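Okay, here's what each chain looks like letter by letter:
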Amino acid sequence: MLVAIADLLSRPQVAALRAALEASPWVDGTVTAGAQSAKAKHNLQIPEDAPVAREGGDMILRALGAAPLFVSAAQPLRVFPPLFNRYDVGMKFDAHVDNALRHVPGAGFRIRTDLSATLFLTDPDDYDGGELVVEDTYGSHNVKLPAGHLVLYPSSSLHRVTPVTRGSRWASFFWVQSMVRDDGERALLYQFDQAIQAVRADLGDGHAAVLGLTASYHNLLRRWAVL
Ligand code: NI
């Protein structure tokens, strides 16, 4: 399941973040790549320990915590500190799967990457190419969203970024370890929650059907969540 979350960051937040990134040094993106993906990866990144990465990352983490759609779709247990990359003309990331486990810098533990996230920081009109292409059981999806929008997809998916042919594509990327490890179970909970929200809007919170569905949702989550 691929979920897009509109306006995770506001336009002023995107502008402030971009200004901070512009003033920061960029390094070769292979620093955070695994052995296979290092050969496929051709882009630039902000170093993980750069102050702008920590401050920008904290802003993104706060926005995620306040986004009900993210919480519902990801059921997050841990979120990797967001990283930042850019693809200038000619840069790309060929097909790869993200590493299953990642050390969280300075935290002394690893996370399992259940979900991968890309937060777009450049508007689609400002560059050509640079599409995120995600393969799943229903075929391949091309994703190119407005600045401030986020896409979430299973980390088990093969994915790539097509070559940029004009402009520069800036983004933040990170991973989520979910309380619900199985993609199918997580998708079912998300769709169930979306349906409950629609029924609540029509019938009101006190309706017996809403109570029953909400109870079933929580009992499924209780069954599947691992903390
Ligand atoms: Ni990747």
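Residues numbered from 1 in each chain as written. Predicted model: local features only at pLDDT ≥ 70, side-chain atom pairs only at ≥ 80, totals over all residues. Heavy atoms only, no water.

## Comments concerning the pairing of strand E6 (residues 83-87)
Side-chain direction in a regular strand flips from residue to residue, so the side chains alternate between the two faces of the sheet.
Next, step 1: Most of E6 sits out of view: five of its five residues are buried.
Next, step 2: Burial along E6 is two-sided: Leu83, Asn85 and Tyr87 and Phe84 and Arg86, pointing in opposite directions, are all buried.
Next, step 3: Note: strand E4 (residues 44-45) against E6, two bridges, orientation antiparallel. Following the sheet pairing, Gln45 is matched in E6 by Asn85.
Next, step 4: In the sheet, E6 pairs with strand E17 (residues 169-178) via five bridges, with the strands oriented antiparallel. Of the residues in E17, the one forming a bridge with Leu83 is Phe173. (Buried < 20%, exposed > 50% of the residue type's maximum accessible area, 1.4 Å probe, protein only. Helix = DSSP H or I, 4+ residues; strand = E, 2+ residues; numbered from the N terminus. Pairing = 2+ DSSP bridges.)

## Digging into the coordination of the nickel ion
Next, step 1: Within the protein, His96 (NE2), Asp98 (OD) and His159 (NE2) serve as the donor atoms for the nickel ion, at 2.1 Å.
Next, step 2: Read in sequence order, the donor residues for the nickel ion give the motif H-x1-D-x60-H. You can see Asp98 sitting in the loop between strand E7 (92-96) and strand E8 (101-103) and its partner His159 sitting in strand E15 (residues 159-161), a full 61 residues away along the chain. Across the pair, His159 and Asp98 agree in class, each one buried. (Donors = N, O, S within 2.8 Å, 3.2 Å for Na, K, Ca; no water.)

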